[in-house]
Amino acid sequence: MTIPQHFDLLIRNGTVIDGTKAPRFTADVGITAGRIVTIGDLGSATAAQVIDATDLIVAPGFIDSHTHDDQAVLSHATMPFKVSQGVTTVVTGNCGISAAPLREGMDLPMPLSLLDSPAEGRFTSFAAYLDALRAAPSSVNVAAMVGHSTLRALTMDDIDRPASDDEIAAMRAHVEEAMQAGAIGLSTGTFYPAATKATTEEIIEVSRPLTSRKALYVTHMRDESDQIMEALEETFAIGRALDVPVVVSHHKAMHKANFGKTKLTLPIIREAMKHQCVSLDCYPYTAGSTALRTDRGMLGGRVLIASSEPHPERAGQDLDDIAAEWGVDKEEAARRLQPGSAIYFIMDEDDVQRVLAFDETMIGSDGIPLGTRPHPRLWGTFPRVLGHYSRDMGLFPLETAVWKMTGLTARNFGLHERGTLKAGHHADLVIFDAACVRDTASYERPDTPAEGIDAVIVNGTLTWQHGTHTGARHGQVITRRDTTKA
Ligand code: ZN
Ligand code: CU
């Protein structure tokens, strides 16, 4: 094959980290029509657009394995909080929560309220959701899952009980529709009130349409604290019953009594991996964030209010301070602030590092694009792993860090022709400075873009350069169908 000498876009003289964990090497990358054409010494080649990447890393665009961007990819289509980190693909529909299918005007119980779904213009089918994304593309690619809690809210008159056979059949029909439309999997969030009453049997029967497609079962498990071992066993059992790959979302050991428990969970996960397809992800922080809850377990440590519908002015404040000011206890203060979201300091740094360093752990932000004071992971996850954990702490080499956010994720989620730099693959790339890449988002100022991310290219189009969004919105919908033709 003769290599064409003219490209749409030519990245010159970069240090390529290709997303496979292989050592870096110096090369040019030629891109045409949204695809990588060739990687090598392209000395005399010309291009419509040339980027000089001397002294910079050229890597596959980062894949955010765990997001709640379902609505944001439509309502904040340029996705600055993700593009600025080097993210080119988001996996949506996590923790049992998806933007489709819903009904116009239906109430969204906690935690579906995290979606910020407008009361009107809702998607009554999964196909309608994906069509809307195709009609109005985002700046990032979207691989979408359907959420079990969404289906419960849609089909059950009372979600505070196990589903009946008829309700299970109705949910299963929606899963079938989602699979046909191109959903890559189904997620559950049995930790949350909307699904705590769902039995293992219910989840298996609702998820049957996953089996023939080998689609993913992804879970925010029932328990990430005292009962975490049982929760892992349930997760593996569901994967075996359905014969599908499972993903343990944002793996952690919550609350002081469980600090150190990842010493036990990780070997169990590794053992399970020998017998079935299991993967996991995590975010690089000791605080979690989710809907504002009133139970003592979650309110035991420091709680920062991220957003509150009745009291938006309280965003960024400590729940302790608000409670003191109001002269009430924390539970009552939290109740008055609902619905809303909060940041909970519930993890131990040693556990976070142990999970991050586990060789099979992918990076997923779990960012919640809601309100003015979100958890800093929304803007900082990927540069924090590259800068703080890989470069500054030496937790793992940069090649491994990149793999955890690209090649590994593409493999586990079946994202065809993405996640590694290879001729023929979709041209999703990030160019960054390994010496100075770092997250700047903090709990105090959570919405600041990372430093050191030089350029971001999505499907061959320059989308971020020198700290500025180009306005390009060339993200694609990645469906299960695309991934099975490999
Ligand atoms: Zn979750
Ligand atoms: Cu989540």
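Residues numbered from 1 in each chain as written. Chains lettered and ligands numbered in written order. Predicted model: local features only at pLDDT ≥ 70, side-chain atom pairs only at ≥ 80, totals over all residues. Heavy atoms only, no water.

## Thoughts on the confidence of the model for the protein
Here comes step 1: Across the protein, the average pLDDT comes to 95, with 98% of residues at or above 70.
Here comes step 2: Every residue in residues 482-486 is under pLDDT 50, and counting partners more than four places away or in other chains gives eight contacts. (pLDDT = per-residue confidence, 0-100. Contact = heavy atoms within 4.5 Å.)

## Quick notes on the coordination of the copper ion (ligand 2)
Here comes step 1: The coordination sphere of the copper ion (ligand 2) contains the protein donors His66 (NE2), His68 (NE2), Cys95 (SG) and Asp366 (OD), at a distance range of 2.0 to 2.3 Å.
Here comes step 2: One chain supplies every donor for the copper ion (ligand 2), spaced along it as H-x1-H-x26-C-x270-D.
Here comes step 3: A relative accessible area of 5% places aspartate 366 in the buried class. (Donors = N, O, S within 2.8 Å, 3.2 Å for Na, K, Ca; no water. Buried < 20%, exposed > 50% of the residue type's maximum accessible area, 1.4 Å probe, protein only.)

## Considerations on empty space enclosed by the protein
Here comes step 1: Applying the stated criterion to the full structure yields seven cavities of 30 Å³ or more.
Here comes step 2: Tyr192, His220, Lys252, Ser289 and Thr290 are, among the 20 residues lining the largest cavity, the residues nearest its centre.
Here comes step 3: Ranked by residue count, the leading element in the lining of the largest cavity is strand β13 (residues 287-291), at three residues.
Here comes step 4: Space inside the second largest cavity adds up to approximately 70 Å³.
Here comes step 5: Surrounding the second largest cavity, His250, His251, Lys252, Cys282, Tyr283, Met347, Asp351, Val352 and Val355 form its lining.
Here comes step 6: At three residues, the largest contribution of residues to the lining of the second largest cavity is made by helix α13 (residues 349-357).
Here comes step 7: Residue composition of the lining of the second largest cavity, grouped by class: five nonpolar, two polar and two charged. (1 Å grid on protein atoms, 1.4 Å probe; cavity = no way out; pocket = protein on both sides within 12 Å on 5 of 7 lines; lining within 4 Å. Points joined across faces, edges and corners; volume = space filled by probe spheres on them. Helix = DSSP H or I, 4+ residues; strand = E, 2+ residues; numbered from the N terminus. Nonpolar A, V, L, I, M, F, W, Y, C, P; charged D, E, K, R; others polar.)

## Comments concerning the environment of aspartate 52
Here comes step 1: Relative to the helices and strands, aspartate 52 is located in strand β4 (residues 46-52).
Here comes step 2: With a relative accessible area of 52%, aspartate 52 lands in the exposed category.
Here comes step 3: Considering only alpha carbons, one finds aspartate 52 and valine 146, 94 residues apart in sequence, at a separation of 41 Å.
Here comes step 4: Separated by 2.5 Å, the side chains of aspartate 52 and threonine 54 make a polar contact. (Polar contact = N/O pair within 3.5 Å; in protein donor to acceptor, adjacent residues only side chain to side chain.)

## Digging into the coordination of the zinc ion (ligand 1)
Here comes step 1: Within the protein, Cys95 (SG), His220 (ND1) and His250 (NE2) serve as the donor atoms for the zinc ion (ligand 1), at 2.0 to 2.2 Å.
Here comes step 2: Read in sequence order, the donor residues coordinating the zinc ion (ligand 1) give the pattern C-x124-H-x29-H.
Here comes step 3: A separation of 2.9 Å is found between the zinc ion (ligand 1) and the copper ion (ligand 2), which share cysteine 95 as a coordinating residue. In this pair, cysteine 95 sits in the loop between β7 (87-92) and α3 (126-135) while histidine 250 sits in the loop between β11 (246-248) and α9 (262-273), placing the two residues 155 residues apart along the sequence.
Here comes step 4: Since its relative accessible area comes to 2%, histidine 250 is described here as buried.

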